[in-house]
Amino acid sequence: MADDRAAAAPHSGAGWIRRADYQPPDYHIDSVELAVDVDTRTLVRARLEVRRDESAAMDAPLWLDARDVELLSIAVDGEVLDGKRVVHGDDGFWVHGLPAECHIETQCAIHPEQNTALEGFYASGPMYCTQCEAHGFSRITPFIDRPDVLSRFRVRLTADASRFPVLLANGDCVERGTLDDGRHFAVWEDPFRKPCYLFAMVAGDLALVRDEYRTSEDRPIALEFYVDHGSEGLVDHAMNALKQAMRWDEEVFGLHYDLDTYIVVAARAFNMGAMENKGLNIFNSSLVLASTRTATDATFDAITSVIAHEYFHNYTGNRVTCRDWFQLSLKEGLTVFRDQRFSEDVLGASVQRIEQARALRAVQFPEDAGPTAHPVRPEAYKEVNNFYTPTVYEKGAEIVRMMHARIGEQAFREGLRAYLKAHDGTAATIEDFVQALATAANVDLDGFLAWYGQAGTPRLRLRREWLSEQSRVRLHFSQSTPPTPGQPDKQPLPIPIRMQLLDAEGGLRALPEHPARQRDDLLLMTDAEMTVDIDSQEPLLPACLMGLSAPVILEADYSSLDLQRLAVQATDPYVRWDALQQLHAQAHRALMVEDDSLLEPLLVSLQRIAAAPPEDEAFTAMLLAPPALSWLWEQYETIDPQRFMTAFLSLKKAVARALCGPLSVWAQRNPIGPNRAGPRALTNVALGYLLLLQPDTVLALARRRVCDDNMTLAMAALQGLNQTATGECTLANGAFYERWRNDALVLDRWFAVQAGSPHCTVEGVQQLLDHPDFDWQNPNRVRAVVATFARDNIAHFHSEGGYRLYAEILERLDRSNPQIAARLCRPMIGFARLEEPWSSLQRAAVESLRGRVHSANVLEMLDAALPS
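The residue numbering used here restarts from 1 in each chain and proceeds along that chain's sequence as written. The predicted nature of this model means local features are confined to residues of pLDDT at least 70 and side-chain atom pairs, given and counted, to a pLDDT of 80 or more, with totals for whole chains, interfaces and linings taken over all residues. Only hydrogens and water are removed before side-chain values are computed, so all heavy atoms of the structure are retained for them.

1. Focus on the nonpolar core
For step 1, the next point in the chain: What makes a nonpolar core is a set of buried Ala, Val, Leu, Ile, Met, Phe, Trp, Tyr and Cys residues whose side-chain atoms join them at distances within 4.5 Å. Accessible area is worked out with a 1.4 Å probe on protein chains only. A residue is then buried under 20% of its type maximum, exposed over 50%, and partly exposed in between. Among the nonpolar cores identified, the biggest contains 303 residues, and Phe-225, Val-265, Tyr-419, Phe-433, Phe-477 and Phe-644 are the most heavily contacted of them.
For step 2, the next point in the chain: Put simply, DSSP marks the helices as runs of H or I at least four residues long and the strands as runs of E at least two long, and each gets a number from the N terminus on. Looking at this core, the element that brings in the most residues is helix α11 (residues 573-591), giving 9 residues.

And the structure:
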């Protein structure tokens with residue numbers, strides 16, 4: 001009947017949910033009253049105001065989702081229903097014989113402490129909390145669990161006052177009081193209609209940190225952060241980031257917060273980063289709690305970004321939500337773009353944009369090239385939780401960025417505001433958003449819709465021709481997208497190409513007049529091929545894709561000398577960084593066959609950069625740092641993992657030897673204090689390189705720095721030491737553990753740095769899993785060991801024992817937390833790219849695992865790699 005589990009479960013066939021099958025709901029739920037009696041066996045009473053849609057048949061039954069709830073009773077307008085009118089199915093039931101309008105009352109029981117999936121209402125440290133996106137609400141009470149059913153909620157929470165002194169839900173608290181039996185209650189009302197995936201409630205013993213924000217309209221907003229007792233001093237950065245985000249959204253988009261209170265709760269156990277529930281955000285504690293002693297500079301930046309992301313959802317996601325889960329990028333891609341622009345404004349545009357590009361190329365590009373490749377807007381799925389992916393989020397943001405580049409800042413602002421106004425309080429589609437932008441700019445943006453529907457990363461090819469007799473440079477552009485599962489044939493896409501032209505001295509030349517030219521530095525390529533002629537007395541070097549103006553792979557006919565020039569002469573930070581990445585890749589490919597002849601162009605470029613006084617040390621650190629392993633991995637069609645890592649280590653050692661002088665100077669510094677993140681980044685890159693050479697003085701320096709009170713410096717030293725197999729490494733790991741064993745978030749780092757060490761064997765990873773501080777129920781701790789092992793410890797992961805251990809881990813997680821298990825599957829399903837014997841070994845491990853798991857989450861991932 002519809003796009004998601006709520007309506008399609010009885011009719012989907014083989015478990016597939018298809019976008020083409022979408023139908024509006026037969027019933028709406030206009031208001032919800034919940035009475036929740038919180039305990040180890042929580043009782044939930046719901047009163048739903050139900051209305052049949054005018055287009056639905058008079059005898060249409062109502063499907064209510066209900067997963068893992070103990071249904072105690074159901075009544076319609078006071079009449080208790082029997083088995084004839086209630087017909088149970090998988091994960092829900094039908095209700096027959098309903099009038100056009102009625103009240104449905106249900107009572108059910110749930111068990112938060114037994115809920116290891118961390119969906120619905122579950123235990124997290126000293127509290128019970130919720131996670132309802134995508135289908136968690138139906139783990140709390142029967143409901144039409146789909147995003148295009150919007151309701152007003154009133155919630156009464158009752159609990160033991162000593163065990164659960166804090167009772168929270170969406171909206172505003174309108175009443176609270178004590179009861180005679182040592183219990184208390186709180187009543188919350190949310191004045192805004194919302195889908196049930198945005199519902200939230202919390203009951204626990206938590207500390208409160210309060211502050212206030214005054215809007216540009218001088219309206220006071222209470223800001224409340226609820227954290228574990230003892231963590232109150234770790235909230236300052238998150239609180240300030242929230243204020244910055246609120247001010248930025250007012251200034252950039254004219255959007256003001258619409259409730260009197262904004263609440264953030266930090267949860268120890270959380271499957272994702274954070275959740276934007278209306279007025280009551282629930283966060284992974286790792287993205288709230290921070291001090292310079294316990295968090296790195298990268299963590300501070302991540303907190304800034306994610307705090308902003310969830311706040312920005314208040315409009316792009318909450319006030320206007322998505323019609324169905326196929327439209328997920330409507331809220332996520334758009335909001336990622338907004339938080340990226342915010343981070344660029346408050347943290348530095350150049351470094352932030354390169355960080356975004358680095359993450360996209362290291363995580364999303366591989367997804368586009370693998371067996372689970374899917375469009376930003378998929379056409380079908382079995383388990384929607386498997387589509388909370390870099391493609392939907394980060395690639396979705398890049399599509400928004402391309403449209404922003406096409407129409408400009410002012411038109412984008414007007415279009416976004418028009419979209420929000422037209423669809424306020426409703427569930428919209430991607431087409432609604434794109435049309436609003438197009439109308440505001442008076443341009444046709446329909447071509448960009450193809451980006452939402454086509455999987456794979458386009459290849460943009462550039463071939464240059466110097467026509468000396470005509471004094472002309474000719475640029476030939478062509479594009480193609482490789483086939484992906486289910487999409488063998490691809491169409492050309494609109495590709496914005498920001499570009500500069502460099503002459504022999506590094507001077508800039510303007511782009512010529514051309515039908516594709518949009519402004520001084522922007523071409524819009526819309527066909528499979530495009531030719532640009534430039535009148536010139538000399539050959540010119542094009543610096544393409546400035547700022548990564550499109551999420552494509554550039555395949556240009558650059559020589560090593562061209563890349564050296566771009567790394568030094570280009571004015572765009574991304575182009576300079578990318579040129580060095582390409583030189584790294586060329587050198588690594590040669591080292592894979594024990595050829596060091598291509599090291600020189602890279603080393604010469606890095607030496608020039610190291611010799612120049614850095615204007616921005618954070619940017620210099622990015623230029624000098626080695627490429628991400630996952631991006632480098634993607635440069636090969638087939639891979640020998642052992643040779644890959646041997647070549648990578650040789651590459652890094654060659655850089656360390658070539659830059660030993662300046663690296664030694666930078667590594668010796670101790671850049672502590674605020675506003676010194678850039679110097680710390682450069683110091684840490686230098687130390688990481690020098691530790692590969694293992695001089696005694698540097699080993700001793702790193703050993704001392706592990707005990708530093710600045711976590712950025714301490715962690716870089718610990719990670720660098722774990723790249724060595726020395727006594728200093730063993731001593732450092734022991735000292736770090738003894739110092740931080742009672743701080744869960746810092747201890748996550750300790751687990752991760754060891755699991756990712758090239759000297760941590762499969763047996764060593766097993767020892768980490770058996771460690772008394774390892775917690776299978778905490779997703780942060782699981783990811784720290786399991787994800788890091790697969791991502792960073794390539795030589796040991798890619799072994800028969802590594803595959804066997806990883807499969808056993810997935811099997812165990814599949815039984816307790818299928819969502820986390822599915823997200824950890826990706827390293828195991830790339831065997832088609834591996835050389836023998838690794839390809840056969842990994843495939844055999846996956847085939848064996850396929851017969852031992854049962855969740856739809858994991859089965860969908862494995863089946864993508866094992867096509868029938």
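2. A look at the pairing of strand β17 (residues 207-214)
For step 1, the next point in the chain: Any two strands are treated as partners once DSSP identifies two or more bridges connecting them. The pairing of β17 with strand β18 (residues 220-227) spans 8 bridges and is antiparallel. Bridge assignment links Ala-207 to a residue of β18, and that residue is Val-227.
For step 2, the next point in the chain: The turn linking β17 back onto β18 is made up of 5 residues, and Asp-218 within it adopts a positive phi angle of 65°.

3. A few points about the sheet that holds strand β7 (residues 86-89)
For step 1, the next point in the chain: Strand order in the open sheet made by the 3 strands is β4-β8-β7, with antiparallel pairing throughout. Every other strand in the sheet has two partners, leaving β4 (62-65) and β7 as the edge strands with one partner each. Each neighbouring strand pair of the sheet contributes to a mean axis angle of 25°, computed without reference to strand direction.
For step 2, the next point in the chain: Here β4 pairs with strand β8 (residues 92-95) via 4 bridges, running antiparallel. What sits directly across from Leu-62, in β8, is Val-95. Here, axes are lines fitted to C-alpha atoms. For helices the fit covers the stretch in contact, and angles between N-to-C directions go from 0 to 180 degrees.

4. With respect to the environment of Glu-414
For step 1, the next point in the chain: With respect to the element layout, Glu-414 can be found in helix α7 (residues 409-422).
For step 2, the next point in the chain: Among the residues examined, Glu-414 registers a relative accessible area of 41% and is labelled partly exposed.
For step 3, the next point in the chain: C-alpha separation for the pair Glu-414 and Ser-664, spaced 250 residues apart in sequence, amounts to 52 Å.

5. Here we look at the packing of helix α4 (residues 328-347) against α7
For step 1, the next point in the chain: One way to put it is that α4 packs onto α7 with a least axis distance of 14 Å and a crossing angle of 140°. In terms of their interaxial angle, α4 and α7 are classed as oblique. As for the relative orientation of α4 and α7, their crossing is left-handed in sense. Between α4 and α7, the contacting residues are Leu-330, Leu-334, Phe-337, Arg-338 and Arg-341 on the first element and Glu-409, Phe-412, Leu-416 and Tyr-419 on the second. We call two directions roughly parallel when the angle between them is under 35 degrees, roughly antiparallel when it is over 145, roughly perpendicular when it lies between 65 and 115, and oblique otherwise. Crossing handedness: left-handed means the near helix sits turned counterclockwise from the far one by under a right angle, and right-handed means the same turn made clockwise. In what follows, a contact means two residues having at least one pair of non-hydrogen atoms within 4.5 Å.

6. Some points on helix α15 (residues 641-658)
For step 1, the next point in the chain: Here the expected length of a helix is defined as 1.5 Å per residue gap, with one fewer gap than residues. Across its 18 residues, α15 extends 26 Å between first and last C-alpha, which sits within 8% of the 26 Å expected from 1.5 Å per residue.
For step 2, the next point in the chain: For α15, the set of buried residues is Pro-641, Phe-644, Met-645, Ala-647, Phe-648, Leu-651, Lys-652, Ala-654, Val-655 and Ala-656.
For step 3, the next point in the chain: Two N or O atoms form a polar contact when they lie within 3.5 Å of each other; inside protein one atom must be a possible hydrogen donor and the other a possible acceptor, and for residues adjacent in sequence the pair counts only when both atoms belong to side chains. Of the residues flanking the start of α15, the one acting as N-cap is Asp-640, its side-chain oxygen 3.0 Å from the backbone nitrogen of Gln-642.

7. Focus: the packing of α4 against helix α6 (residues 390-407)
For step 1, the next point in the chain: Their axes nearest at 7 Å, the elements α4 and α6 cross at an angle of 70°. Taken together, α4 and α6 sit at an angle that is classed as roughly perpendicular. Contacts from Leu-328, Ser-329, Glu-332, Gly-333, Leu-334, Val-336, Phe-337, Gln-340, Arg-341 and Glu-344 of α4 reach α6 at Val-392, Tyr-393, Gly-396, Ala-397, Glu-398, Val-400, Arg-401 and His-404.
For step 2, the next point in the chain: A class-by-class count of the residues in the contact of α4 with α6 yields 8 nonpolar, 5 polar and 5 charged. Residues were grouped as follows: Ala, Val, Leu, Ile, Met, Phe, Trp, Tyr, Cys and Pro as nonpolar; Asp, Glu, Lys and Arg as charged; and all remaining residues, including Gly, as polar.

8. Considering the packing of aromatic side chains
For step 1, the next point in the chain: Here the aromatic set is Phe, Tyr and Trp, taking the six-membered ring for Trp, and pairing holds for ring centres within 6.5 Å; pairs whose planes are under 30 degrees apart are stacked, those over 60 apart are edge-to-face, and all others are tilted. Evaluation of the coordinates by the stated rule reveals 35 aromatic pairs.
For step 2, the next point in the chain: Ring centres 4.9 Å apart and planes at 65° place the aromatic pair Tyr-197 and Trp-325 in the edge-to-face group. Of the two residues, Tyr-197 is situated in the loop between β15 (183-195) and β16 (201-204) and Trp-325 in the loop between β22 (320-322) and α4; the sequence distance between them amounts to 128 residues. A single burial state applies to Tyr-197 and to Trp-325, both of which are buried.

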